[in-house]
Amino acid sequence: MVNDPIALSLEKRKLWRRAATRWLELLTSRDLTATEMDWVLARRDYCTRKTKRAEPLIDSGVIHGAPNSFIYDYFGFLRK
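In this text the structure is predicted, and so the values were computed from the model without any measurement.

### Topic: the packing of aromatic side chains
Counting across every chain of the model gives two aromatic pairs. For the pair W16 and Y46, a centre-to-centre distance of 5.9 Å together with 90° between the ring planes defines the contact as edge-to-face. Of the two residues, W16 sits in helix 2 (residues 16–29) while Y46 sits in helix 3 (residues 34–50), which places them 30 residues apart along the sequence. Residue W16 is classed as buried on the basis of its relative accessible area, which comes to 16%.

### Considerations on the confidence of the model for the chain
With 65% of its residues at a pLDDT of at least 70, the chain reaches an overall mean of 80. Per-element averaging of pLDDT across the chain places strand 2 (residues 62–63) at the bottom with 55 and helix 1 (residues 5–12) at the top with 95.

### Overview of the packing of helix 1 against helix 2
One can describe the packing of helix 1 onto helix 2 by two numbers: an axis separation of 8 Å at closest approach and a directional angle of 160°. Looking at the two axes, helix 1 sits roughly antiparallel to helix 2. Considering how the two elements wind past one another, helix 1 and helix 2 form a crossing that is left-handed. Mapping the contact onto sequence places I6, A7, L8, L10 and E11 in helix 1 and W16, R18, A19, R22 and W23 in helix 2. Among the residues making up the contact of helix 1 with helix 2, the classes are represented as seven nonpolar, no polar and three charged.

### With respect to helix 1
Those residues of helix 1 lying buried are A7, L10 and E11. For helix 1, the angular spread of the buried residues around the axis is 100°, confining them to a single face. Across helix 1 from its buried face, at more than 90 degrees, point the exposed residues P5 and K12. Lining the buried residues of helix 1 we find helix 2 and helix 3. Two residues or fewer past helix 1, K14 is found with a positive phi of approximately 60°.

What counts and what doesn't
- Residues numbered from 1 in each chain as written.
- Predicted model: local features only at pLDDT ≥ 70, side-chain atom pairs only at ≥ 80, totals over all residues.
- Heavy atoms only, no water.
- Phe/Tyr/Trp six-rings, centres within 6.5 Å; stacked < 30°, edge-to-face > 60°.
- Helix = DSSP H or I, 4+ residues; strand = E, 2+ residues; numbered from the N terminus.
- Buried < 20%, exposed > 50% of the residue type's maximum accessible area, 1.4 Å probe, protein only.
- pLDDT = per-residue confidence, 0-100.
- Axes fitted to C-alpha atoms, helices over the stretch in contact; angles between N-to-C directions.
- Parallel < 35°, antiparallel > 145°, perpendicular 65-115°, else oblique.
- Left-handed = near helix turned anticlockwise from the far one by under 90°.
- Contact = heavy atoms within 4.5 Å.
- Nonpolar A, V, L, I, M, F, W, Y, C, P; charged D, E, K, R; others polar.
- Arc of directions from axis to C-beta.

Take a look at the structure:
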């Protein structure tokens, strides 16, 4: 295990992209054994996977739920 307080601090604050970048910097700036390199790459991959965004709440360009029902109720002529 490679102990880097900066990268671990970034992870703790959920700054995943910055942490992944920090792990990459460590990979190129230190003399690491093959095991340590594998560990750093796995940790970087972990941080990168955490950055994946959730799917949007919008489906086919229409927001579902309260906003549309409000518009239809307020503007009666928009009813289907």
